[in-house]
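# Commentary on secondary and tertiary structure
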Amino acid sequence: MFLRRVAVALPLSRRFLSSKSSHEFTSAIAELNKEMESVFGEPPSTTLASSSSGQFNFQDSQSVSPKVADNEFSLTHIGDAGEAQMVDISSKEISKRVAVASCKVILGQKVFDLISANQMAKGDVLSVAKIAGISGAKHTSNLIPLCHNINLTHVRVDLKLNPMDYSLDIEGEAASTGKTGAEMEAMTAVTIAGLTVYDMCKAASKDIQITDVRLVRKTGGKSGDWSREK
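Residues numbered from 1 in each chain as written. Predicted model: local features only at pLDDT ≥ 70, side-chain atom pairs only at ≥ 80, totals over all residues. Heavy atoms only, no water.

- Per an unreviewed UniProt entry, the protein chain goes by the name cyclic pyranopterin monophosphate synthase and belongs to Rhododendron griersonianum.
- For the record of the protein chain, the UniProt heading Catalytic activity (unreviewed entry) holds the text "(8S)-3',8-cyclo-7,8-dihydroguanosine 5'-triphosphate = cyclic pyranopterin phosphate + diphosphate". (UniProt positions renumbered as here; feature names shortened; annotations may be inferred.)

### Some points on the side chain of threonine 196
- As for its placement among the helices and strands, threonine 196 is situated in helix H9 (residues 183-201).
- The exposure class of threonine 196 is buried, given its relative accessible area of 13%.
- The residues touching threonine 196, leaving out its near neighbours within four places in the chain, are Val128, Ala129 and Ala132. (Helix = DSSP H or I, 4+ residues; strand = E, 2+ residues; numbered from the N terminus. Buried < 20%, exposed > 50% of the residue type's maximum accessible area, 1.4 Å probe, protein only. Contact = heavy atoms within 4.5 Å.)

### So, the environment of isoleucine 144
- Considering the arrangement of structural elements, one finds isoleucine 144 in the loop between helix H8 (140-143) and strand S2 (152-162).
- Along the primary structure isoleucine 144 and glutamate 185 are separated by 41 residues, whereas in three dimensions their C-alpha atoms are 9.9 Å apart.

### Some remarks on the pattern of salt bridges
- In the structure shown here, the tally under the stated rule is nine salt bridges.
- Between lysine 104 and aspartate 165 there is a salt bridge; the shortest N-O distance is 3.4 Å. Taken together, the residues span a long stretch of sequence, with lysine 104 in strand S1 (residues 95-106) and aspartate 165 in the loop between S2 and strand S3 (167-178) at a distance of 61 residues.
- Overall, the relative accessible area of 18% leaves lysine 104 in the buried class.
- For arginine 156, the salt bridge is made with glutamate 171, and the minimal N-O distance between the two is 3.1 Å. Within this pair, whereas arginine 156 is found in strand S2, its partner glutamate 171 is found in strand S3, the two being separated by 15 residues in sequence. (Salt bridge = Lys/Arg side-chain N within 4 Å of Asp/Glu carboxyl O.)

### Considering the environment of lysine 92
- Within the element layout of this structure, lysine 92 appears in the loop between helix H5 (66-69) and S1.
- Through-space distance from the C-alpha of lysine 92 to that of glycine 178 is 8.9 Å; in sequence the pair is 86 residues apart.

Given below as structure tokens:
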């Protein structure tokens, strides 16, 4: 494989060599081709073999898939010059938009038991985390720099202890009637709620993990309804 990589890399520099060096280079490629045949029991591919006679094929490196150039799903937060930008949503239609997100906090048995018994030193973990998640949703545009400031009509954060794996399941919902979705608000809500749980329980354990932050489903907007496949 090393010889194959060398044979591919060397032809790319041939155009920078003088005519004398080019002749020596061609001889070197021919020797490499012979060595490859002796090692692998077969002659090199036509692409590599053609390099010894000065025929180079740059089609693969120069061609650009039209899907890349004309991708309808391009990154809207990047401008024509590659700079970050805030998307102009003034032309979008107003519609009701709802997004649901979730995450899991792996507590461990010790922390799980303390939360279940409401014996954590900082107080009622679930209640504080719920309020923190709702507050986080309302401050999403202050945390995510290119996120629009939207008028939320509803925010819900639910926390459920799971005794099967000593974890905490968090689900958040954000709703708005406007020109852009509420996905970021929903995901921010569950993330802030999870971080709050960690903050209130870190004295009891540093092994707490916040995992699986994800969008579960969304409705409304130009792209329509979407739901994560289970």
